[in-house]
Amino acid sequence: MKTNPGRFFEDYTLGEVIRHAVPRTVGLGERALYHALYPARGALYSSDEFAKGVGLKASPLDDLVAFHTVFGKTVPDISLNAVANLGYAEGRWLLPVWPGDTLRSESEVIGLKETSSGATGVVWVRTRGINQHGDVVLEYVRWVMVRKRRREVVVPVHVPELASVVDPGALVVPEGLDFSCYDFGLAGEGHRWGDYAVGEVIDHVDAVTVEEAEHMLATRLWQNTAKVHFDVTQREDGKRLIYGGHVISLARSLSFNGLANAQMIVALNAGAHANPCFAGDTVRAWSEVLDRAETTVPSVGALRLRLVATRGKAGELRGGDGKYLPEVLLDLDYWALVPR
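Scope of this entry: the structure provided in the associated data block. Here the structure is a predicted model, which is why all the values come from computation and not from measurement.

About the criteria used
Every chain is numbered independently, its residues counted from 1 as its sequence is written. At least 70 in pLDDT is required for a residue's local features to be given in this predicted model, at least 80 for side-chain atom pairs to be given and counted, and no such filter applies to totals for whole chains, interfaces and linings, which use all residues. The side-chain quantities take in all heavy atoms of the structure and omit both hydrogens and water. The numbering of helices and of strands both runs from the N terminus, where a helix is a DSSP run of H or I of at least 4 residues and a strand a run of E of at least 2. Accessibility here uses a 1.4 Å probe with only protein chains present; expressed as a share of the type maximum, an area under 20% marks a residue as buried, one over 50% as exposed, and anything in between as partly exposed. Throughout, a residue-residue contact means that at least one pair of heavy atoms, one from each residue, lies within 4.5 Å. Think of a nonpolar core as a cluster: buried Ala, Val, Leu, Ile, Met, Phe, Trp, Tyr and Cys residues, connected wherever their side-chain atoms sit within 4.5 Å. Cavity: a set of points on a 1 Å grid over the protein atoms alone where a 1.4 Å probe fits but cannot get out. Pocket: an open set with protein on both sides within 12 Å along at least five of seven lines, its lining residues, like those of a cavity, having an atom within 4 Å of a point. Grid points are joined across faces, edges and corners, and a volume is the space filled by probe spheres set on the points. Residues were grouped as follows: Ala, Val, Leu, Ile, Met, Phe, Trp, Tyr, Cys and Pro as nonpolar; Asp, Glu, Lys and Arg as charged; and all remaining residues, including Gly, as polar. As used in this structure description, the phrase polar contact means that two N or O atoms lie within 3.5 Å; if the pair is within protein, one of them must be able to donate a hydrogen and the other to accept it, and residues adjacent in sequence are counted only when both atoms belong to side chains. Basic side-chain nitrogens of Lys or Arg form a salt bridge, by our definition, when they fall within 4 Å of a carboxyl oxygen of Asp or Glu.

## A short note on the environment of Val-125
Mapped onto the elements, Val-125 comes out in strand β5 (residues 120-130). The exposure class of Val-125 is buried, given its relative accessible area of 0%. Along the chain, Val-125 and Val-97 lie 28 residues apart, while their C-alpha atoms are 22 Å from each other. The residues touching Val-125, leaving out its near neighbours within four places in the chain, are Ile-78, Ser-107, Glu-108, Val-109, Ile-110, Tyr-140, Val-141 and Arg-142.

Printed below as a string of structure tokens:
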């Protein structure tokens, strides 16, 4: 058999390292398509001159371009037979990705647990994105529910212990970044790090209705081959599941209105795709300020933010039973760099 049917739950071994196929050279084409697909307007990722004004050699590629590219490489080995991508933890952006860089991915299996149904299991992996110099540019943990090929196969259980929050002391500020001469007028808002209060909730006001064509283009752009995103026979309802990363990028881009100066994502503390998203859904976003931290650069502060994508109202997250409301699509906890 020469074709790849994808891995099933019992095909994973704790501790194995998977080198994912097909490295990818990324450039300004990816940036153009990313900005066409999402209402992305962050100044640092839009303008070489703005980036030079804050100490970088040019504008790097968007942080989520790097994430989607690295993630997409892993799909044929990790989530081709996935039922759902369940969550994220311990994510850090370690180096900027520049136009012309070549990225590849590798993942280590760090956890396995069969679900109570016996038809699926959860696989935890730590994934690293590596550039052409062998430097790790991005790392994160994610866990995925994957179908079993044979119910009778028993897989040893190991659930990894993961940090609930990336320590602010471990945040990496890109070399040279300095917000001392930050141009708030060109950035689009005047809000500094100190203007945000812990507990503050920001309604980002705008909304985007998800289109099937845009989702399909985005998922192909990142070379994400998960069957549930393309093949309507993979779900009983006959719908194609919107790639969770598409929802992340939509929500992050919508958050510009109120967080225009949260220029760079540098860590991913936690994340949950709370409910499925389908074409026709109208996505709104709101954020909650969870924490503030200083960095090693006096002009640069870090905000810990909860970003929620929803079909519902700002500020509404869970019901009285503690479960996510059915309107909530995404609950993402991240650190971003902001001028002080």
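Having put the structure on the table, let's press on.
## Regarding the side chain of His-68
Along the chain, His-68 turns up in helix α3 (residues 63-78). Residue classification places His-68 among the buried positions, given a relative accessible area of 0%. Dropping the residues within four chain positions of it, His-68 is found in contact with Tyr-34, Trp-222, Tyr-243, Gly-245, His-246 and Ser-249.

## As for the nonpolar core
Within the largest apolar cluster, 57 residues are counted, with the highest numbers of intra-cluster contacts made by Phe-67, Trp-222, Leu-259, Leu-303, Leu-305 and Tyr-334. The greatest single-element share of this core, amounting to 7 residues, is contributed by α3. Beyond its immediate stretch of four places on either side in the chain, Leu-303 contacts Trp-193, Tyr-196, Leu-259, Val-289, Asp-291, Arg-292, Tyr-334, Trp-335, Ala-336 and Val-338. With 26 residues, the next largest nonpolar core counts Tyr-45, Leu-177, Phe-179 and Tyr-182 among its residues.

## Description of the layout of surface pockets
When its volume is computed, the largest pocket comes out at roughly 350 Å³. For the lining of the largest pocket, the leading source of residues is strand β3 (residues 82-93), giving 5 residues. Residue composition of the lining of the largest pocket, grouped by class: 17 nonpolar, 8 polar and 2 charged. What lines the second largest pocket is a set of 14 residues, and nearest its centre among them are Lys-57, Leu-95, Pro-96, Trp-98 and Glu-175. Its residues assigned to classes, the lining of the second largest pocket comprises 7 nonpolar, 3 polar and 4 charged.

## Some words on the side chain of Arg-304
One can find Arg-304 in strand β10 (residues 300-310). In this structure the side chain of Arg-304 is engaged in a polar contact, spanning 2.5 Å, whose partner is the side chain of Asp-333. Once residues within four sequence positions are removed from consideration, Arg-304 is found in contact with Val-165, Asn-269, Glu-288, Val-289, Leu-290, Asp-291, Asp-333, Tyr-334 and Trp-335.

## With respect to empty space enclosed by the protein
Within this structure, the stated rule accounts for 3 cavities of 30 Å³ or more. In this structure, the largest cavity spans a volume of roughly 200 Å³. What lines the largest cavity is a set of 16 residues, among which Ala-40, Arg-41, Gly-42, Tyr-45 and Arg-252 lie closest to the centre. Secondary-structure elements contributing two or more residues to the lining of the largest cavity are α3, α6 (244-254) and α7 (256-259).

## Considerations on the pattern of salt bridges
Following the criterion strictly, the structure yields 17 salt bridges and no others. In this structure, Lys-148 engages Glu-114 in a salt bridge whose closest nitrogen and oxygen atoms are separated by 2.8 Å. Of this pair, Lys-148 sits in the loop between β6 (136-147) and α4 (184-187) while Glu-114 is found in strand β4 (residues 102-114), placing the two residues 34 residues apart along the sequence. Classification of Lys-148 by relative accessible area gives buried; the value is 9%. Of the charged contacts, one joins Glu-139 and Arg-128 as a salt bridge, the two residues approaching to 3.7 Å between their closest N and O atoms. You can see Glu-139 sitting in strand β6 and its partner Arg-128 sitting in strand β5, a full 11 residues away along the chain. Looking at Glu-139, the relative accessible area reads 14%, which means it is buried.

So far we have only geometry, and geometry alone does not tell us how the molecule works.
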